[in-house]
Amino acid sequence: MPDSDEAKVVPEDPEPEKPGIKLAVLFALSTLAGLIASSILVVDYLRPIPVYCEEGGGCDAIKHTQEAMTFGVPTPLFGVAGFLLLGLLILMRGRLPRLALVVVSSVAGAFGGHLLTMQMEYGVFCKYCVVADLRS
């Protein structure tokens, strides 16, 4: 019969949960949402008649401004490239990729803020643009 003074052994959790995992998953999912929204916008920007956005809606109005093209390239293509870069940086480990992630996220956030401000100035909003810009 075991001694009552004997300490009970409680098995340790084999892998303690890391607090940053949930944040990383949230960041990855929001990056995916931004990538999808930007991809939808690329389709509509490259076609004369929108596929996803309603004709004459917020996206159509923004599409005809000077901000719709940057260096002759549709602005949503920069979003696709940026979100792909963020996705790659999320998957990488180490100090340098984390620093790059902070820098790229900061630049994307500033640009997304500019684009949201532009929509407010024009008084029109596109749901896909808002998703991409807020995620930036």
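Before going into details, it helps to say that this report is about the structure given with it. Residue numbers restart at each chain and count upward from 1, following the sequence in its written direction. In view of the model being predicted, local features appear only for residues whose pLDDT reaches at least 70, and side-chain atom pairs are presented and counted only at 80 or more, with totals across whole chains, interfaces and linings using the full set of residues. Side-chain measures here rest on the full set of heavy atoms in the structure, leaving out hydrogens and waters.

1. Things to note about the overall build of the protein chain
Runs of E in the DSSP output that reach at least two residues are strands. Runs of H or I that reach at least four are helices, and both are numbered from the N terminus. If you tally the helices and strands in the protein chain, you get five helices and two strands. Listed N to C, the secondary structure of the protein chain is α-α-β-β-α-α-α in terms of helices and strands. By the burial criterion, 32% of the 136 residues in the protein chain qualify as buried. In what follows, a contact means two residues having at least one pair of non-hydrogen atoms within 4.5 Å. Considering only residue pairs separated by 6 or more positions, the protein chain has 58% of its internal contacts joining residues 24 or more positions apart. Working definition of accessibility: Shrake-Rupley area with a 1.4 Å probe, residue cover restricted to the visible protein chains. When the accessible surface of the protein chain is split by element, carbon and sulfur atoms take 67% of a total near 9500 Å². Relative accessibility decides the category of a residue: with a 1.4 Å probe and only protein chains considered, values under 20% of the type maximum give buried, values over 50% give exposed, and everything between is partly exposed.

2. Focus on the layout of surface pockets
In this structure, the largest pocket encloses a volume near 440 Å³. Looking at the lining of the largest pocket, the elements that each hand over two or more residues are helix 1 (19-46), helix 3 (75-91), helix 4 (95-122) and helix 5 (127-135). Within the lining of the largest pocket, the residues separate by chemical class into 17 nonpolar, seven polar and two charged. Think of a 1 Å grid over just the protein atoms. A cavity is a set of points where a 1.4 Å probe fits yet cannot get out, a pocket is an open set with protein on both sides within 12 Å along at least five of seven lines, and lining residues have an atom within 4 Å of a point. Grid points are joined across faces, edges and corners, and a volume is the space filled by probe spheres set on the points. Following the grouping adopted for this structure description, the nonpolar residues are Ala, Val, Leu, Ile, Met, Phe, Trp, Tyr, Cys and Pro, the charged ones are Asp, Glu, Lys and Arg, and the polar ones are all others, Gly among them.

3. Things to note about helix 4
A helix is expected to span 1.5 Å for every residue after the first. Taking 1.5 Å of rise per residue, 28 residues should cover 40 Å, and helix 4 covers 41 Å from first to last C-alpha, within 8% of that figure. Listed in full, the buried residues belonging to helix 4 are Pro97, Leu101, Ser105, Gly112, Leu115, Leu116, Met118 and Gln119.

4. With respect to the packing of helix 3 against helix 4
A fitted line through C-alpha atoms serves as each axis, taken over the contacting stretch for helices, and the angle formed by two N-to-C directions is quoted from 0 to 180°. Between helix 3 and helix 4, whose axes approach to 10 Å, the crossing angle comes to 155 degrees. It follows from the interaxial angle that helix 3 and helix 4 lie roughly antiparallel. For the crossing formed where helix 3 meets helix 4, the hand is left-handed. When helix 3 is examined against helix 4, the residues Thr75, Leu85, Leu86, Leu89 and Ile90 are found in contact with a partner set consisting of Pro97, Arg98, Ala100, Leu101, Val104, Ser105, Phe111 and Leu115. Residue composition of the contact of helix 3 with helix 4, by class: ten nonpolar, two polar and one charged. Angles below 35 degrees are treated as roughly parallel, those above 145 as roughly antiparallel, those between 65 and 115 as roughly perpendicular, and all remaining angles as oblique. For any helix crossing, the convention is left-handed if the near helix is rotated counterclockwise from the far helix by under a right angle, and right-handed if that rotation is clockwise.

5. Looking at the nonpolar core
Only buried residues count toward a nonpolar core. Its members are Ala, Val, Leu, Ile, Met, Phe, Trp, Tyr and Cys residues joined through side-chain atoms within 4.5 Å. Counting 22 residues, the largest nonpolar core has Leu41, Tyr45, Cys53, Cys59, Cys126 and Tyr128 as its most contacted members. Going through the elements one at a time, helix 1, helix 2 (58-63), helix 3, helix 4 and helix 5 are the ones with two or more residues in this core. Broken down by element, the residue count for this core peaks at six residues, all from helix 1. Leave out the neighbours within four places in its chain, and Cys126 touches Leu41, Cys53, Gly58, Cys59 and Gln119.

6. Considering the side chain of Ser105
Residue placement: Ser105 occurs in helix 4. Polar contacts, as counted here, are pairs of nitrogen or oxygen atoms within 3.5 Å of one another; within protein the pair requires one atom able to donate a hydrogen and one able to accept it, and residues that are adjacent in sequence qualify only if both atoms are side-chain atoms. At 2.8 Å, the side chain of Ser105 and the backbone oxygen of Leu101 are in polar contact.

7. A look at the packing of helix 4 against helix 5
Two elements in contact, helix 4 and helix 5, have axes whose closest approach is 7 Å; the angle formed by their N-to-C orientations is 145 degrees. Remark: the crossing between helix 4 and helix 5 carries left-handed chirality. Residues Gly112, Leu115, Leu116 and Gln119 of helix 4 pack against Cys129, Val130, Asp133 and Leu134 of helix 5.

8. Some remarks on the environment of Ile90
Relative to the helices and strands, Ile90 is located in helix 3. The class for Ile90 is buried, based on a relative accessible area of 16%. Beyond its immediate stretch of four places on either side in the chain, Ile90 contacts Phe27, Ala28, Thr31, Arg98 and Leu101.

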